[in-house]
Structures are given as structure tokens and as C-alpha cells.
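# Survey of secondary and tertiary structure
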Amino acid sequence: MKLVAIAGSFDKGSYNRMLVDFMAKEYTDLADIEVLDVDQVPLFDRDLDYKDFPQLVELNAKISAADGVILATPEHNHTTTVVMKSILEWLSSDVHPFQDKAVMIVGASYLIQGTSRAQADLREILDAPGVNAIPMTGNEFLMGNCQDKFDENGNISDEGTVKFLKGVLAKFTEWVNMVNGTGVVEAAADDWKNEDLTASGKTDTTIDVDMMSKDWVNQASAKVNAASDRDYVKLDSGVLSVNQLNWFLKTMPMELTFMDDNAQFIYYNHMLDRDDMLAPRYPWQTGMPMSEVHPERAKDGVKYVIHQLRTGKKDLVEMPVPGNKLNEKWIMHYYKRMADDNGQFRGINEWVLDLWPIVKSYLDMTGQKLVQDPTKAVDAEGGASSSAAPATPAVDASAGASEEEATPAPAAPAVDASAGASDEEETTTATPVKPVQVETTSVDTAAGASDEERDDAEKGIPDAADEAVDTDAGASM
Amino acid sequence: MKHYIGIAGTHAKGSTNTKLINFIQKHLAGKAEVELVDVTNWPVFHKTENFALPAGVKEVADKIAAADGVIIATPEYDHSIPASLMNGLAWLSYGIHPFDNKPVMITGASYGALGTSRAQAHIRRILDAPEIHARTLSSSDFMVSRSLGAFDDEGNLTDAALVKRFDALFAEFEVLVEVVATLAEASRVAEADAEKLAHEG
């Protein structure tokens, strides 16, 4: 996030300047803050042209380009400063870079008031039609007794204040996202939590049979009079008997699992007994909802992956499992989005396989060796820190009714499923902001609003109607 | 006859506030002397060594200090008084206190309907600040709205009712001037505080 900061004083030793310089230096993890100079800005005069003053031209350009603006105001005579007001007058006459711009107000004062009045006045000014900024509500920062608050290097000496200010700035970054519409994306980042793993709803393929029954396959087949054995099914593109389908699917070089769009586990290709499988499951587990075939600690990860695929944010999620060994075993889980002809989500195709034998056979065939790429750091476990090991929506036989000892299941699922997952995955742990429709100011031609515009017109906002009223006044410019 | 200083908040060409203060000066001829000064052409306020003031500031300050009161006509820029007027007041309170206990009448003209109401509210607060410490009359906003059509060719306010209102407010203002003159000998409660104050930056 790119922010610019302006202090309402160019005095040497200005504490408000020191404050924004500190923010720019200290909080680089929150935003890239550029402090702008204001010492060459002339007193606003509507008879002058801002383009004749390079610093004004730069201020306009930089503010326009920034995601948000930080204003640090001293307090002079119970209000903001001449410098601050003059800049705002310039930047609300011929140009309007503050229009719909997220703004944060801070202030440092020698006295107890901490610029309280200056900040209040500044808010009123930012509200004016020619400015039309969007200052952050609440989240005030007032620094009193500023002469005691900084060390000789211009750093705020009190840790508590540094932390507090960081919190306010963090709030401002959320405000910026909200104002700029990027906040809506942030809020949606929490939607994954709503994924229903219990299959409490249904889809148009749901078979109305007790999901928890250990005999679900037979019951469900009977319910829908399913084709079996020598019955043929027409596929795209071919015709196979059910027996042929089974031979075919069971000789795929990977374990295949079908989760439907209602989060129900309805098929796997049962090529091996449970104990020999890479992602172990029992035949009697087929038919259960996702919630019954994953341990509690895996559920967040399951929800997250399902959500990514359901919404189409991702088409494929790849995850290595913990316990892999470099050049010995590299088990991967792939979750592929399935969709119908309309692109609607119809479930997840999960396939699991060990990549190492494939790589090894390739190396043998081509007579090559592997070397570590010195520019990349990959740990032996799976390319991720083990503390954030990926969850797997794979059926985990250690959950539910298994009487056996739990298999070494994946470690606690992290919300941050980017650990070990493909690089494309983006996760955010930022506190999401509620999406708010930010309305762009529309020109209101009703009497009240246009009068507001005209009140300001003395400042020089051209208004043709005014010119018609009084030709003697010279141009209203 | 009382002697007042008249200030327009901007020197912009064609300013209706300049028109307003000119009208007030003319209208009060024979009743009160209004001397116009320009406070809007000084450099942008900043701290200086030893509170050194730009050329012309001290002269205006002395005139204000000597006058019975000040009449200000302010435009409204962005819901407040213009930076040019803020600037004048900033210099006129930088190590000097010509406004101390000075009666100030506030007027303003705007192109639109609101008549500088917010600017006047702001300037009241500014004039209230310790380093200025002026005396304003309460409930006495004199506002000229739709100012581009409010004056005739001779620069007179055409709305008779508005002129009457000005006269009534000015009469109250003169009472304030008398009262303040009487209080002038009383000690300043805030004097000690003002001495401690440095301009913040």
C-alpha cells in the first residue's frame, strides 16, 4: 500500500514533521509512506495558477497516485495551520486529488490538548465539497507534550505509543482498502469459514439415504436403481460397462476420490486396502459428509480448500503431505475443481500420488541427476515450515468410527494454507473489514447542494451561473 | 468618533468581501471611522528567530492595538476562513498581542446561500485562542449570501432589510466596545499562560 504524508509545518524541528518521518521509517510492514515537502507552497490565491509552482504540481500528482494520505497537523490559535489550509485550498480549486481519498489525521502538540481542536477543524475542511476527502472516523491519534516524546534520532521513545500508533495506522490501511473498494475482497476472505462440511443441504445428485450408514454404497445403489456390472453407461466419449469403468478407475496411477458439491464423499477408486493407501480410507466410509471423515483439527483447512475451489478462485490446489523425504517419497494431494457445462461447481476430484517414483523413473530413463538449486530454499519436509503444515480434505480414516490407531495425520491445519501449497494461493490473516458500499459523490443539482458549491465559489471554483448574475464582478475566477 | 480597523479576508480580484468591507466603511461614514488594512499579503506563516516579523506586520499590529475595534469580512473557503486571513491572524499573534481584549465584529459574504456561516464559526474560535484573545459579540453573525447580486453599481448593499440588520448589529457592537473599554484596566487571567505559550509546530 502506498501512502503519502504531509505535515502542516515546514519549520525546522517541527514535531509534526518528525512524527510523519517516524511513521514512514518505522511502519514499513504496513505501508510504503512517502513524506512530501510543503515549504515552497505559496499562500493560496485564486488569481494565481497552481501549475506555476512545481511543489504544488508534485503534491497534486503524488496525492492523486497514493492509496491514502496522512495529514499531521499542528495547532495554532486553536485550529489547523496556515500551511495545511493553504495546501488544501490549492488542492480543491483547479485540481481535486483529495476527492474520495482516504485520509488519516494525526497531530503533535507541546501542550496537553494534543491538537484536538486542529484535528476537529481539519475534519470539517476535508468535508467541504471541493475537497470531498474520506477521513477515517474514530481511531484518533493526539500526541501532547511532544517535546518529551521523541529521542535524539527522531524516534518515539515510548514503546506503548509506538504500538498504539501502529494500531491506528493498521486501522487506516483497512480504511484505505474499504474506501478503495479493495476492502470488499478482504471481507470475502472470511467466507470460507461458512463452508458446510456436514452436507446438511443437498445437490441434485444427492441420494436420499442415511449418509452415516456403513452400507451406504449398496443402499444408495438400490435407491436409484444404479447401473452395475455389465450395465453400460454412455460417457463422453465412449461407452463402458460398469465393470469396465471399475477396471479402468482402479488402474489409474493415483488414488482418486470424488467429493460432490454438497461436501459428501461419494466415491473412491479403492485400488488398495486401507493400510496400503497413501490417503487411507475404508470402503464403509463412502457416503459420509466431509465433517465425518476429517479430524477436527483438519476442518478449517478442508473448508478453506473447498471454498477456494467452489468459488473458482482456484482451479487446482496442490499440497504435499508432512512426512515426505527428499528424493525418497513425495506424496502430493491434488484437489481439482469439477464443473458442469455451465461452469458451475460440481465437486472436487482429489487425486493422491507419490511423485518420487515418477521423477526417479524419468531420471533413470534420461540418465540425469538432481542438484539443489542454491537460489531456492526448500526444507526436507515439504517446502513449508512444519508449524503450518497443510490440511488435507482427503478422507482421513483416523476420524469418525475408526477403531484403529490414528494414522499420522497431517498436522494442525493452518488457515494459512499457503504453507507448502502452490504459490498461487493467497491467504490473508488480516482482520477483514466489513464491506461497505462507498458511494461516489454525485453532483446534486438540488438547491441545497449546489448552494454549497456556490458558497465555496468565492474561492475560485468557476461557476458559469454566477458569471451571468453579475457581469461586473470580473470573472468569478 | 470611534476608530475601527477594517479587514477583508482576501485580496482576490473582485472579492465580494472586499466589496463588503468597502461598503461598511462608506456606510459608517460620519458615525465611525473605518480604516482598511491588508493582512493577506504576507509570507506563509512559519517560525522565525526571535519572533521576527515580516515587513508591514508591526505597523498593522500597532494600528489594531490603537483602534477601538476591528471589523472583519471573511469569505468561506472549504468550510473555514481562507488561509490568507489565517495567515494574517497568525502573524498578528506571533509574539505580539494587538487583538488582546479587542472588540471584533465578524461579517462575511458568500456566493451561495449559506453566507459564510461556517467560516464565521471558525474565526470565532480562532479569535478566542489565548494568543489572540479578542472579544467577539455573541449571536451576531452578519452574513451576506448570494453576494454577487447583493451590491449595486456603487457598491451598496441593495437589500434594505440586510442593511437594517447590519445597523442593529453594529449598534450592539458599539455597546461591546464601550464595555470592553471599561474592562480594559482589569487584569488578564490568561496573561501568565500566554507568556508560556510557544507557537506549536
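Residues numbered from 1 in each chain as written. Chains lettered and ligands numbered in written order. Predicted model: local features only at pLDDT ≥ 70, side-chain atom pairs only at ≥ 80, totals over all residues. Heavy atoms only, no water.

## Re the pairing of strand β1 (residues 2–7) of chain A
All names here are of chain A. Of all 6 residues in β1, 5 are buried, a share of seventy percent or more. Note that β1 and strand β2 (residues 32–36) share 5 bridges and pair parallel. Each residue of the ladder has a partner; that of V4, found in β2, is E34. Taking the sense of rotation as the criterion, the β-α-β connection linking β1, helix α1 (residues 15–26) and β2 turns out right-handed. Strand direction decides the pairing type here: β1 and strand β3 (residues 68–72), joined by 5 bridges, are parallel. Each residue of the ladder has a partner; that of V4, found in β3, is V69. (Buried < 20%, exposed > 50% of the residue type's maximum accessible area, 1.4 Å probe, protein only. Helix = DSSP H or I, 4+ residues; strand = E, 2+ residues; numbered from the N terminus. Pairing = 2+ DSSP bridges. Right-handed = clockwise from strand over helix to strand, strands pointing away.)

## Let's talk about the interface of chain B and chain A
The interface of chain B with chain A comprises 57 residues on the first partner and 54 residues on the second. Regarding the contact of chain B and chain A, the summed buried area is about 4300 Å², with carbon and sulfur atoms giving 52% of it. Where chain B packs against chain A, one counts 2 salt bridges. In this structure, R125 of chain B engages D121 of chain A in a salt bridge whose closest nitrogen and oxygen atoms are separated by 2.7 Å. The interface formed by chain B and chain A includes 15 residue pairs in polar contact (both at pLDDT 80 or more). (Contact = heavy atoms within 4.5 Å. Buried area = accessible area lost by both parts, 1.4 Å probe. Salt bridge = Lys/Arg side-chain N within 4 Å of Asp/Glu carboxyl O. Polar contact = N/O pair within 3.5 Å; in protein donor to acceptor, adjacent residues only side chain to side chain.)

## Details of the confidence of the model for chain B
Per-residue confidence for chain B gives a mean pLDDT of 92, with 92% of residues at or over 70. With a pTM of 0.59, the predicted complex shows an ipTM of 0.87. (pLDDT = per-residue confidence, 0-100.)

## Looking at the sheet that holds strand β12 (residues 331–339) of chain A
Residue and element names in this part refer to chain A. The strand order β10-β9-β13-β12-β11 describes an open sheet built from 5 strands, whose pairing is antiparallel. Two strands bound the open sheet, and with one partner strand each, they are β10 (265–268) and β11 (316–320). Strand-to-strand twist of the sheet, defined as the mean angle between neighbouring strand axes without regard to direction, takes the value 20°. Where β11 and β12 come together, 5 bridges link them in antiparallel fashion. Paired with L316 across the strands is K336, a residue of β12. (Axes fitted to C-alpha atoms, helices over the stretch in contact; angles between N-to-C directions.)

## As for the environment of L28 of chain B
Residues and elements named next belong to chain B. Summarising the element assignment, L28 is placed in the loop between α1 (16–27) and β2 (32–37). The buried category is assigned to L28, whose relative accessible area is 0%. On a C-alpha basis, the gap between L28 and F170 in space is 9.5 Å, while along the polypeptide they are 142 residues apart.

## Notes on unusual backbone geometry
Excluding glycine, a negative phi dihedral is what most residues carry, and trans is how most peptide bonds are arranged. Residues and elements named next belong to chain A. In this model, D236 is joined to S237 through a cis peptide bond whose omega is 0°. For S237, the position within the fold is in the loop between β7 (232–235) and β8 (238–241). For H78, which is not a glycine, the phi torsion comes out positive at approximately 65°. Mapped onto the secondary structure, H78 falls in the loop between β3 and α3 (82–90). On the accessibility criterion, H78 (15% relative accessible area) is buried. The backbone phi angle of N132 is positive, close to 55°, even though this residue is not glycine.

## With respect to the packing of α1 of chain B against helix α5 (residues 160–183) of chain B
Residues and elements named next belong to chain B. In the contact formed by α1 and α5, the axes pass within 12 Å of each other and the chain directions differ by 70°. Considering their axes alone, α1 and α5 lie roughly perpendicular with respect to each other. Considering how the two elements wind past one another, α1 and α5 form a crossing that is right-handed. Between α1 and α5, the contacting residues are F23, I24 and H27 on the first element and V163, F166 and D167 on the second. (Parallel < 35°, antiparallel > 145°, perpendicular 65-115°, else oblique. Left-handed = near helix turned anticlockwise from the far one by under 90°.)

## A word on the pattern of salt bridges
Residues and elements named next belong to chain A. Applying the stated criterion across every chain yields a total of 25 salt bridges over all chains. The closest approach of N and O atoms between E350 and R281, which form a salt bridge, is 3.7 Å. Taken together, the residues E350 in strand β13 (residues 345–354) and R281 in the loop between β10 and α9 (299–310) connect sequence positions 69 residues apart. Judged on exposure class, the residue E350 and its partner R281 are both buried. Taken together, the shared-partner salt bridges in this structure form one network comprising K2, E34, E58 and K62.

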